[in-house]
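Here is how the chains run, residue by residue.
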Amino acid sequence: AAVVTATLLAGCSGPTRPLFTGAQDRFPEPVAAPVNLAGAGDPYFPGYGNGGYDVSAYDLKIKYDPATDKLAGVATVTATATTDLSKFHLDLHGLVVDKITVEGAAATSTRQGDELIITPVAPIASGKQFVTVVSYGGVPTAITAPDLGVTGFLTTPDGAFTIGEPESATTWFPVNDHPKDKALYAIELTVPGDLDAISNGLLDGKSTANGWTSWRWKVTSPMAPYLATFVIGDYRTVEGVHKGKPVLTAVANTLPKGDVDEAMAQTTTITDFLEQYFGPYPFDAYGGIVIDDERVRYALETQTRPVYSDAFWSRGQNTVVVAHELAHQWFGDSVSVDRWEHIWLNEGFATYAQWMWGEKIGVSTIQEEFDSRYRNPGDRIWDIAPGSPGADNIFSGSVYDRGGMTLHALRKLVGDDKFFTILKTWAAEQRDGNANTAEFIALAERISAQPLTDFFQKWLYETGRPAQ
Ligand code: ARG
Ligand code: ZN
């Protein structure tokens, strides 16, 4: 009865509303907030992802012919409606849709920019699981990402690969392209028989027919779409087993053998080092991929198998970038941001891990890394607040370095034991999920048993150099 009264009051007490305007006003329905079908509600990138449903699994079957650059795909998307849906969106950049079914029945669709809008024959009720199958194809095209330049699907002389953050999946399959909607993946890549086709997770089988080889990859922990990747081409691979889990590293065969292969060979050593501080490695496969491409000068923490530009080693780099990308397996991949503004939870943590490994191998101490930046009051990192950097600055030095410095300042404030308990607990409690800065601050306060709001306010949310 209390609920009914509240509803009636809410419906009839508006000052500008006439009291009795008709039968429909006697029992007004509570008005639900409208769901934005075209975006996941991220203020930095309002068009990324979609609303109204939650994907649990993608099953992708993709055939790619480097001779024509043509891709032919079938994407089976299993999702649950979170509201009543008479239509819904997937993100898809370029490519042509041939046919869509929803729950086995042909559906109609339209395109609006990178939105694929699907109308099933019958509406889908909130709470219902539904399966959408999209047959699509064409010549994929890349996109431009903030700071990283050209990303997404990129062709190479002998194949192709995909890489990009915060968006890239949309260039090769229909997707709810926001880290908030993590899902399991099965990725089958069919390529001319002499090429390698490497993706995330476990190799679940490989078969050859009529000169084409299908490589079946399986991702068994929820994955954010931008962390899905593949490389197609001529790679030298090293396979092994570590702690009962498969290891697979791959290096583009156009690169001379040397430092780059040695760096990949350290993947499990570095993972074991990080495990001591962050808790158990969260996934069931290890690896790394080094590509040879002038357009990509960075690395990305693609799940279980980060992709590295060879640029790190052509400049005579060491392995700190490997530590950075492997740390992301905990911070970024297993614990993902629920909105892009929280990106320091990925990059600040990975930068800190990079400094930890740098200290271990004698590059520099963490304190030296901290001091060298702290001592420069004119550094750009003091002009950008890493906790709310703005969409244009999600990869700025502040997010990385000031983010890492924030963790070091926290460590000095609460002591080593509590600091590493905070990191381990964060990784454990948020494993396979999505999180935000407020949750991290609450955890740090809980474990350290001290108020930290002012501390984090100065380090994360204000410009200017915090006093020490
Ligand atoms: N998440 C990637 C990494 O740091 C992003 C790379 C961005 N690089 C850049 N130069 N802005 O591992
Ligand atoms: Zn990073």
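Quick caveat: nothing in here was measured; it's all calculated off a predicted structure. (Residues numbered from 1 in each chain as written. Chains lettered and ligands numbered in written order. Predicted model: local features only at pLDDT ≥ 70, side-chain atom pairs only at ≥ 80, totals over all residues. Heavy atoms only, no water.)

**Description of the overall build of the protein**
Our working definition: A helix here means a DSSP run of H or I that spans at least four residues, while a strand means a run of E at least two residues long, and both kinds are numbered starting from the N terminus. Summary of the burial criterion: residues with accessible area below 20% of their type's maximum are buried, those above 50% are exposed, and those between are partly exposed, where the area comes from a 1.4 Å probe applied to protein chains only. Pairs of residues are marked as contacts when any of their non-hydrogen atoms sit within 4.5 Å.
The helix and strand inventory of the protein stands at 11 helices and 23 strands. A principal-axis box enclosing the C-alpha atoms of the protein has dimensions of 80 × 65 × 40 Å. Residue burial in the protein is summarised as follows: out of 468 residues, 55% are buried. The contacts in the protein between residues at least 6 apart in sequence include a share of 67% that link residues at least 24 apart.

**As for the site of ligand 1**
As a reminder, the rule being used: In this text, near means that some heavy atom of the residue lies within 4 Å of the molecule or strand in question. Two N or O atoms count as a polar contact when they lie within 3.5 Å, although within protein this holds only if one can serve as hydrogen donor and the other as acceptor, and sequence-adjacent residues are included solely when both atoms are side-chain atoms. Where accessible areas are quoted, they stem from the Shrake-Rupley method and a 1.4 Å probe; at the residue level, only the protein chains shown are allowed to cover. Only protein atoms enter the 1 Å grid used here, on which a cavity is any set of points holding a 1.4 Å probe that cannot leave and a pocket is any open set flanked by protein within 12 Å on both sides along at least five of seven lines; residues with an atom within 4 Å of a point are listed as lining. Cavity and pocket membership follows a simple rule, namely that a molecule belongs there if more than half of its atoms are within 2 Å of the grid points.
Close to ligand 1 lie 13 residues; Glu165, Glu301, Glu325, Glu347 and Tyr400 are nearest. Here an oxygen atom of ligand 1 and a backbone polar atom of Ala299 are 3.4 Å apart. A distance of 3.2 Å separates an oxygen atom of ligand 1 from a polar side-chain atom of His324. Protein chains bury 82% of the 350 Å² of accessible surface belonging to ligand 1 in isolation. With respect to the pocket detection grid, ligand 1 is positioned in the largest pocket. Of all the secondary structure elements, the ones that give two or more residues to the shell around ligand 1 are strand E20 (299–300) and helix H5 (320–330).

**As for the pattern of salt bridges**
Under the convention used in this document: Salt bridge, as applied in this entry: a Lys or Arg side-chain nitrogen positioned within 4 Å of an Asp or Glu carboxyl oxygen.
Applying the stated rule across the entire model yields 13 salt bridges. The closest approach of N and O atoms between Asp59 and Lys61, which form a salt bridge, is 3.3 Å. Relative accessible area serves as the criterion here: at 30%, Asp59 is assigned to the partly exposed category. Here Glu188 makes a salt bridge to Arg216, at a shortest N to O gap of 3.4 Å. Of this pair, Glu188 sits in strand E12 (residues 183–192) while Arg216 is found in strand E15 (residues 212–223), placing the two residues 28 residues apart along the sequence. Residue Glu188 is classed as buried on the basis of its relative accessible area, which comes to 16%. A relative accessible area of 27% means that Arg216 is categorised as partly exposed.

**Quick word on unusual backbone geometry**
Cis rather than trans, the peptide bond between Glu165 and Pro166 has omega equal to 5°. With respect to the helices and strands, the residue Pro166 is situated in the loop between strand E11 (160–163) and E12.

**Quick look at the packing of helix H6 (residues 344–360) against helix H9 (residues 416–429)**
Applied cut-off: Only the stretch in contact is used when a helix axis is fitted, and all axes are lines through C-alpha atoms; the angle between N-to-C directions ranges over 0 to 180 degrees. Here the word oblique covers every angle except those under 35 degrees (roughly parallel), over 145 (roughly antiparallel) and from 65 to 115 (roughly perpendicular). Throughout, a crossing is termed right-handed when the near helix is turned clockwise from the far one, and left-handed when it is turned anticlockwise from it by less than a right angle.
Between H6 and H9, whose axes approach to 14 Å, the crossing angle comes to 130°. When the axis of H6 is compared with that of H9, the two are oblique. Handedness of the crossing formed by H6 with H9: left-handed. On H9, the residues touching Leu345, Phe349, Tyr352 and Met356 of H6 are Phe419, Phe420, Leu423 and Trp426.

**Quick look at the sheet that holds strand E6 (residues 108–112)**
Threshold: Pairing between two strands is assigned when DSSP locates at least 2 bridges connecting them.
With respect to topology, three strands assemble into an open sheet ordered E3-E7-E6, the strand pairing being antiparallel. Either end of the sheet is taken by a strand with one partner, and the two such strands are strand E3 (88–91) and E6. Sheet twist, expressed as the mean angle between neighbouring strand axes with direction ignored, is 25°. Summarising the sheet, E6 and strand E7 (residues 115–119) pair through five bridges and their orientation is antiparallel. What sits directly across from Arg111, in E7, is Leu116.

**What to know about the environment of Val247**
Counting through the fold element by element, Val247 comes out in strand E18 (residues 245–252). Measuring from C-alpha to C-alpha, the distance between Val247 and Ser109 comes to 41 Å, with 138 residues separating the pair along the chain. Once residues lying within four places of it in the same chain are set aside, the contact partners of Val247 are Val238, Glu239, Gly240, Val241, His242, Thr268 and Tyr286.

**Side note on the coordination of the zinc ion (ligand 2)**
For the record, the criterion: For Na, K and Ca the donor cut-off is 3.2 Å, and for all other metals it is 2.8 Å, counting N, O and S atoms only; because water is absent from this set, sites may look incomplete.
Protein-derived coordination of the zinc ion (ligand 2) comes from His324 (NE2), His328 (NE2) and Glu347 (OE), at a distance range of 1.9 to 2.0 Å. Counting gaps between the donor residues of the zinc ion (ligand 2) yields the pattern H-x3-H-x18-E. Taken together, the residues His328 in helix H5 and Glu347 in helix H6 connect sequence positions 19 residues apart. Using a relative accessible area of 0% as the deciding quantity, one classes His328 as buried.

**Focus on the packing of aromatic side chains**
Heads up, the condition is: Put simply, two rings from Phe, Tyr or Trp (the six-membered ring, in Trp's case) pair if the centres are within 6.5 Å, and we call them stacked under 30 degrees between planes, edge-to-face over 60, tilted for the rest.
Counted by the stated rule, this structure contains 38 aromatic pairs. On the basis of an interplanar angle of 65° and a centroid distance of 5.9 Å, the ring pair of Phe153 and Phe230 is categorised as edge-to-face. Highlighted residues: Phe153 in strand E10 (residues 149–155) and Phe230 in strand E16 (residues 230–233), separated in sequence by 77 residues. For the pair formed by Phe153 and Phe230, the shared burial category is buried.

**Regarding the confidence of the model for the protein**
Using the following cut-off: pLDDT is defined as a per-residue confidence score from the predictor, taking values between 0 and 100.
Of the residues in the protein, 93% have a pLDDT of 70 or more, and the chain-wide mean is 93. The spread of mean pLDDT over the elements of the protein runs between helix H1 (residues 2–12), the lowest at 31, and strand E22 (residues 335–337), the highest at 99. Contacts from residues 1–25, a stretch scored under 50 in pLDDT, to residues over four places away or in other chains number 10 contacts. Per the prediction output, this complex has pTM 0.93; the corresponding ipTM is 0.94.

**Looking at helix H10 (residues 437–448)**
The criterion, for reference: Each residue after the first adds 1.5 Å to the expected span of a helix.
Taking 1.5 Å per residue, 12 residues should reach 16 Å; H10 reaches 16 Å between its end C-alpha atoms and fits that length. Contacts from the buried residues of H10 go to H6, helix H8 (397–414), H9 and helix H11 (453–461). The N-terminus of H10 is capped by Asn436, whose side-chain oxygen sits 3.2 Å from the backbone nitrogen of Ala438. Just beyond H10, the residue with positive phi is Ala449, at close to 55°.

**Section: the side chain of Thr151**
Looking at where Thr151 falls in the secondary structure, it is placed in strand E10. Aside from chain neighbours lying at most four places away, what touches Thr151 is Ala142, Ile143, Thr144, Ala145, Ile163, Gly164, Glu167 and Tyr298.

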